[in-house]
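Coordinates in review
In case you want the letters, here they are:
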Amino acid sequence: MDVPHVLLPSGFARAWSHEVPGPQQPPGPQGAPVPGTVEHLRQDGLPVSAMLRAIWWSEDFHPNPATGLPGKVRKRPVPSAGGCYPVQLRVLCGEGCDVPPGTYVFNGSGFSGTGGDLLRLRNHDDGTPPQGGPQAPARGAVVVLTVLPQRTLAKYYHRAGPLLIADAAYAAVALVHHAAAQGVDARWDVVAPVRWPGSVPEFALATVSLGVSAERCLQRRHDRIAGVSQVQLAARRSCEFSRLRARPAAGAGRVAEDLLERSLLSFPEPTPPSCSARILSAEPLRDPELADRCAGQRWIGNLDALVVFETPGTPTPAAMWWAATLAAHILYTALGADLPLEFRPVGGWTGSHSGWTTLHGLGMAIRKPLTANHERAAHAGQ
């Protein structure tokens, strides 16, 4: 299977058209079904397995909307940005890790054994890196974030591209923030989509380098990212529709503006010349046209604030990566500072307004009034 057209510039911008997706199709497997073995963990190595488990594993499940009983999708610490959980974590380990050098896949769905562990791959046809794709470092690890596009295409068709990128971006940024809490040098990088070997279509979109040498992993500004602990990750939950206020909290716009400003100071990527991020709160949030432009998600009118990431030109994958990684960075900057805020990614945007096209949105809800202590924590986290 060639790279899906929704991930190529020629088909990417179609996601913002008013064309309605077709009927829902079978989504395919939640995880790539590959054989592998669990290795004995070393206590003195780079804790790759523990870091991935912290961002990508949970014993709990989201409820089935039809029955209210636990379903099949785990309540991972990293939110899905609307892509129906397409992301897989492939791991290329060199020396110095808590597992021997080799190629691994994180069992985040429990498709083999109990789940929540690294499976070492033995055969060349079951998920080893493709030619021209990311390669294992001599020391440290490279986590390759791949996607199973059928998970998203089955429901959203031509609108799948931005959602696939956003889901991968939230996972990559979460891992870098968690690595900072562990004192591990880390950075994310976007890669050109490439098919990953295996029995189901799977494509690499990004990498996160962990503990890789400075020569290979040149730092931009990743060292200014605030750490997020395992406890903080486990406590994160997306804001629930039922708990949103009928009217936004007073001063929410100021809180969101302050958080955006601080997050931009530590964000390691420059803002593309054609893009911007701005805050919507109070009356603009209840504009019916705003909900119409994000697939009729009228619940956004009950948010305390919404960060929108926009471009005046034709949406591109590069612009979408900037929007989604910055949104995730805002979320994890607040989480690392223990701010009493909850967030929910908002995707599915179409059309444009006053010459601007919204790439992505990040909804925000305030749990309780901010205190001076929270303000100090936010500054310390930078």
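Relevant structure appears above.
Scope of this entry: the structure provided in the associated data block. (Residues numbered from 1 in each chain as written. Predicted model: local features only at pLDDT ≥ 70, side-chain atom pairs only at ≥ 80, totals over all residues. Heavy atoms only, no water.)

1. Details of the overall build of the protein
A tally of regular secondary structure across the protein gives nine helices and 13 strands. Within the protein, the proportion of its 382 residues that are buried is 54%. Pairs at least 24 residues apart make up 78% of the contacts formed inside the protein by residues separated by at least 6 positions. If you sum the accessible surface of the protein, you get close to 16000 Å²; carbon and sulfur atoms cover 54% of it. (Helix = DSSP H or I, 4+ residues; strand = E, 2+ residues; numbered from the N terminus. Buried < 20%, exposed > 50% of the residue type's maximum accessible area, 1.4 Å probe, protein only. Contact = heavy atoms within 4.5 Å. Areas by Shrake-Rupley, 256 points an atom, 1.4 Å probe, with all protein chains shown as cover.)

2. Section: unusual backbone geometry
Although it is not a glycine, Asp-338 sits at a positive phi angle of roughly 60°. For Ser-354, which is not a glycine, the phi torsion comes out positive at approximately 55°. Examined against the element boundaries, Ser-354 turns out to sit in the loop between strand E12 (341-346) and strand E13 (357-366).

3. Some details on helix H8 (residues 317-336)
Compared with an ideal rise of 1.5 Å per residue, which puts 20 residues at 28 Å, H8 spans 28 Å between its outermost C-alpha atoms and is within 8% of the ideal. H8 sits mainly inside the fold: 19 of its 20 residues count as buried. After H8 finishes, the residue Asp-338 shows a positive phi value of roughly 60°. (Expected span 1.5 Å × (residues − 1).)

4. Describing the sheet that holds strand E7 (residues 141-147)
Strand order in this open sheet of seven strands is E1-E6-E5-E4-E7-E9-E8, and the pairing throughout is antiparallel. Each edge of the sheet is formed by a strand with only one pairing partner; in this case those strands are strand E1 (37-38) and strand E8 (186-195). For strand E5 (residues 102-106) and strand E6 (residues 118-120), the ladder comprises three bridges, and the chain directions are antiparallel. When the bridges of E6 are listed, Val-105 appears paired with Leu-119. Helix H4 (residues 160-181) contacts strand E4 (87-93), E7, E8 and strand E9 (203-210) of the sheet and is inclined by roughly 10° relative to E9. (Pairing = 2+ DSSP bridges. Axes fitted to C-alpha atoms, helices over the stretch in contact; angles between N-to-C directions.)

5. Things to note about the packing of H4 against H8
Here H4 crosses H8 at 40°, and the two axes come no closer than 8 Å. With respect to each other, H4 and H8 are oriented oblique. In this structure, H4 crosses over H8, and the sense of that crossing is right-handed. Contacts from Pro-162, Ile-165, Ala-166, Ala-168, Ala-169, Tyr-170, Val-173, Ala-174 and His-177 of H4 reach H8 at Pro-317, Met-320, Trp-321, Ala-324, Thr-325, Ala-327, Ala-328, His-329, Leu-331, Tyr-332 and Thr-333. Considered class by class, the residues forming the contact of H4 with H8 number 16 nonpolar, four polar and no charged. (Parallel < 35°, antiparallel > 145°, perpendicular 65-115°, else oblique. Left-handed = near helix turned anticlockwise from the far one by under 90°. Nonpolar A, V, L, I, M, F, W, Y, C, P; charged D, E, K, R; others polar.)

6. Side note on the side chain of Arg-151
On the secondary structure map, Arg-151 appears in helix H3 (residues 150-156). Of the side chains with opposite charge, Asp-167 comes closest to the buried, unpaired Arg-151, at an N-O distance of 8.5 Å. In terms of polar contacts, Arg-151 uses its side chain to reach the backbone carbonyl oxygen of Cys-84, at 3.3 Å. Every residue in contact with Arg-151, bar those within four places of it in the chain, is listed here: Pro-27, Gly-28, Pro-29, Gln-30, Gly-83, Cys-84, Tyr-85 and Pro-86. (Lys, Arg positive; Asp, Glu negative; His and termini not counted. Salt bridge = Lys/Arg side-chain N within 4 Å of Asp/Glu carboxyl O. Polar contact = N/O pair within 3.5 Å; in protein donor to acceptor, adjacent residues only side chain to side chain.)

7. Quick notes on the packing of helix H2 (residues 48-56) against H4
Orientation of H2 relative to H4, taken along the N-to-C sense of each, is 125°, at an axis distance of 10 Å. Compared by their axis directions, H2 and H4 come out oblique. Note that H2 runs across H4; the crossing there is right-handed. Note on element contacts: H4 touches H2 through Ala-171, Ala-174, Leu-175, His-178 and Ala-179, opposite Met-51, Leu-52, Ala-54, Ile-55 and Trp-56. Partitioned by chemical class, the residues of the contact of H2 with H4 number nine nonpolar, one polar and no charged.

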